[in-house]
Amino acid sequence: MPPPKKRSARQRVLAQWRGVDLAPLEIARATSARRAGDVMPKVLADLRMDSRRAEAEVVKVWNSLIDPNITAHAQPAGLRKGTLFVTVDSSVWLSEIVRYRRKEILDRLQHSFGKNVVQKISYRVG
(Lines give C-alpha, C1' and ligand atoms only; values in the text may rest on other atoms or scores of the structure.)
Protein backbone atom coordinates (compact mmCIF):
# COMPACT_ATOMS: atom_id res chain seq x y z
CA MET A 1 0.00 0.00 0.00
CA PRO A 2 1.48 3.38 -0.96
CA PRO A 3 2.18 5.93 1.76
CA PRO A 4 -0.63 8.43 2.42
CA LYS A 5 -0.49 11.51 0.19
CA LYS A 6 -0.51 15.03 1.51
CA ARG A 7 -3.99 16.51 1.52
CA SER A 8 -4.65 19.48 -0.67
CA ALA A 9 -6.10 22.74 0.61
CA ARG A 10 -9.40 21.82 -1.07
CA GLN A 11 -9.60 18.54 0.84
CA ARG A 12 -8.81 20.23 4.15
CA VAL A 13 -11.50 22.89 3.55
CA LEU A 14 -14.09 20.24 2.58
CA ALA A 15 -13.28 18.17 5.66
CA GLN A 16 -13.64 21.23 7.87
CA TRP A 17 -16.90 22.31 6.21
CA ARG A 18 -18.42 18.78 6.40
CA GLY A 19 -17.24 18.29 9.95
CA VAL A 20 -16.03 14.86 8.93
CA ASP A 21 -12.92 13.81 7.07
CA LEU A 22 -14.13 11.52 4.26
CA ALA A 23 -10.78 11.35 2.49
CA PRO A 24 -10.02 7.75 3.58
CA LEU A 25 -13.43 6.60 2.30
CA GLU A 26 -12.97 8.43 -0.99
CA ILE A 27 -9.53 6.87 -1.43
CA ALA A 28 -10.92 3.41 -0.67
CA ARG A 29 -13.65 3.85 -3.29
CA ALA A 30 -11.15 5.07 -5.86
CA THR A 31 -9.01 1.94 -5.45
CA SER A 32 -9.93 -0.43 -8.22
CA ALA A 33 -10.85 -3.99 -7.41
CA ARG A 34 -8.80 -6.86 -8.79
CA ARG A 35 -10.23 -9.79 -10.70
CA ALA A 36 -10.56 -13.06 -8.80
CA GLY A 37 -8.63 -14.84 -11.55
CA ASP A 38 -5.65 -12.58 -10.89
CA VAL A 39 -5.71 -13.13 -7.14
CA MET A 40 -6.47 -16.87 -6.91
CA PRO A 41 -3.06 -18.29 -7.97
CA LYS A 42 -1.34 -16.41 -5.15
CA VAL A 43 -4.00 -17.42 -2.63
CA LEU A 44 -3.70 -21.08 -3.63
CA ALA A 45 0.09 -20.91 -3.46
CA ASP A 46 -0.10 -19.36 0.01
CA LEU A 47 -2.42 -22.13 1.18
CA ARG A 48 -0.15 -24.79 -0.40
CA MET A 49 -3.15 -26.43 -2.04
CA ASP A 50 -1.01 -28.56 -4.39
CA SER A 51 0.82 -30.25 -1.53
CA ARG A 52 -2.40 -30.73 0.42
CA ARG A 53 -4.05 -32.29 -2.62
CA ALA A 54 -1.11 -34.70 -3.00
CA GLU A 55 -1.38 -35.60 0.69
CA ALA A 56 -5.08 -36.35 0.35
CA GLU A 57 -4.42 -38.46 -2.75
CA VAL A 58 -1.76 -40.54 -0.98
CA VAL A 59 -4.12 -41.24 1.92
CA LYS A 60 -6.96 -42.06 -0.46
CA VAL A 61 -4.95 -44.41 -2.70
CA TRP A 62 -2.93 -46.09 0.09
CA ASN A 63 -5.33 -49.03 0.51
CA SER A 64 -5.38 -49.85 -3.21
CA LEU A 65 -1.61 -49.50 -3.79
CA ILE A 66 -0.29 -51.42 -0.81
CA ASP A 67 -0.71 -55.08 0.16
CA PRO A 68 -3.92 -55.61 2.22
CA ASN A 69 -1.92 -57.40 4.94
CA ILE A 70 0.10 -54.23 5.46
CA THR A 71 -2.81 -51.77 5.21
CA ALA A 72 -4.60 -53.70 7.95
CA HIS A 73 -1.81 -52.66 10.32
CA ALA A 74 -0.34 -49.44 8.85
CA GLN A 75 -2.07 -46.24 7.73
CA PRO A 76 -0.62 -42.91 6.53
CA ALA A 77 -0.87 -40.09 9.06
CA GLY A 78 0.39 -37.19 6.97
CA LEU A 79 2.79 -35.90 4.37
CA ARG A 80 5.19 -33.05 5.10
CA LYS A 81 8.10 -31.82 2.99
CA GLY A 82 8.34 -35.07 1.04
CA THR A 83 8.19 -37.35 4.09
CA LEU A 84 5.17 -39.64 4.45
CA PHE A 85 4.42 -40.43 8.09
CA VAL A 86 2.88 -43.86 8.57
CA THR A 87 1.38 -45.10 11.85
CA VAL A 88 1.75 -48.83 12.53
CA ASP A 89 -0.39 -50.58 15.14
CA SER A 90 2.35 -52.76 16.73
CA SER A 91 6.12 -52.99 17.01
CA VAL A 92 6.00 -56.46 15.40
CA TRP A 93 4.45 -55.03 12.23
CA LEU A 94 6.79 -52.04 12.38
CA SER A 95 9.75 -54.41 12.35
CA GLU A 96 8.23 -56.47 9.50
CA ILE A 97 7.60 -53.41 7.35
CA VAL A 98 10.93 -51.71 8.01
CA ARG A 99 12.97 -54.86 7.44
CA TYR A 100 11.22 -56.44 4.47
CA ARG A 101 8.63 -54.14 2.88
CA ARG A 102 9.96 -50.59 3.21
CA LYS A 103 11.61 -50.42 -0.24
CA GLU A 104 8.60 -52.01 -1.97
CA ILE A 105 6.17 -49.52 -0.41
CA LEU A 106 8.36 -46.52 -1.25
CA ASP A 107 8.83 -47.70 -4.85
CA ARG A 108 5.08 -48.12 -5.37
CA LEU A 109 4.28 -44.69 -3.96
CA GLN A 110 7.04 -42.99 -5.96
CA HIS A 111 5.91 -44.75 -9.12
CA SER A 112 2.34 -43.50 -8.59
CA PHE A 113 2.98 -39.97 -7.31
CA GLY A 114 6.52 -39.14 -8.39
CA LYS A 115 9.76 -38.91 -6.46
CA ASN A 116 9.14 -35.28 -5.47
CA VAL A 117 5.88 -35.98 -3.62
CA VAL A 118 7.06 -38.95 -1.52
CA GLN A 119 10.81 -38.83 -0.96
CA LYS A 120 10.96 -40.99 2.16
CA ILE A 121 8.70 -42.74 4.65
CA SER A 122 8.85 -42.48 8.43
CA TYR A 123 7.17 -45.28 10.37
CA ARG A 124 6.07 -45.05 14.01
CA VAL A 125 4.01 -47.13 16.40
CA GLY A 126 0.82 -45.41 17.35
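Residues numbered from 1 in each chain as written. Predicted model: local features only at pLDDT ≥ 70, side-chain atom pairs only at ≥ 80, totals over all residues. Heavy atoms only, no water.

1. Side note on the overall build of the chain
Of regular secondary structure, the chain possesses 6 helices and 3 strands. Starting at the N terminus, the α and β elements of the chain follow one another as α-α-α-α-α-β-β-α-β. In terms of overall dimensions, the chain is more spread out than a globule: its C-alpha atoms have a radius of gyration of 28 Å, far above the 14 Å expected for 126 residues. Dimensions of the chain, computed from C-alpha atoms along their principal axes, come out at roughly 85 × 25 × 20 Å. In the chain, which comprises 126 residues, the proportion classed as buried is 21%. Across the chain, the fraction of contacts at a sequence separation of at least 24, relative to all contacts at a separation of at least 6, is 55%. Here the chain displays about 9800 Å² of accessible surface, and carbon together with sulfur accounts for 56% of that area. Across the chain, the 24 positively charged side chains and the 12 negatively charged ones have centroids separated by 11 Å. (Helix = DSSP H or I, 4+ residues; strand = E, 2+ residues; numbered from the N terminus. Rg over C-alpha atoms; globule rule 2.2 N^0.38 Å. Buried < 20%, exposed > 50% of the residue type's maximum accessible area, 1.4 Å probe, protein only. Contact = heavy atoms within 4.5 Å. Areas by Shrake-Rupley, 256 points an atom, 1.4 Å probe, with all protein chains shown as cover. Lys, Arg positive; Asp, Glu negative; His and termini not counted. Charge placed at Lys NZ, Arg CZ, Asp CG, Glu CD.)

2. A closer look at the nonpolar core
Within the largest apolar cluster, 17 residues are counted, with the highest numbers of intra-cluster contacts made by Trp62, Leu84, Val86, Ile105, Leu109, Val118 and Ile121. When residues of this core are assigned to their parent elements, the largest contribution, 4 residues, is made by helix α6 (residues 91–113). For Val86, the residues in contact, after removing those within four places along its chain, are Trp62, Ala74, Gln75, Pro76, Ala77, Ile121, Ser122, Tyr123 and Arg124. (Core = buried A, V, L, I, M, F, W, Y, C linked by side-chain atoms within 4.5 Å.)

3. Here we look at the environment of Ala45
Its location among the elements puts Ala45 in helix α3 (residues 36–46). For Ala45, a relative accessible area of 54% gives the class exposed. For the pair Ala45 and Gln119, spaced 74 residues apart in the sequence, the C-alpha separation amounts to 21 Å.

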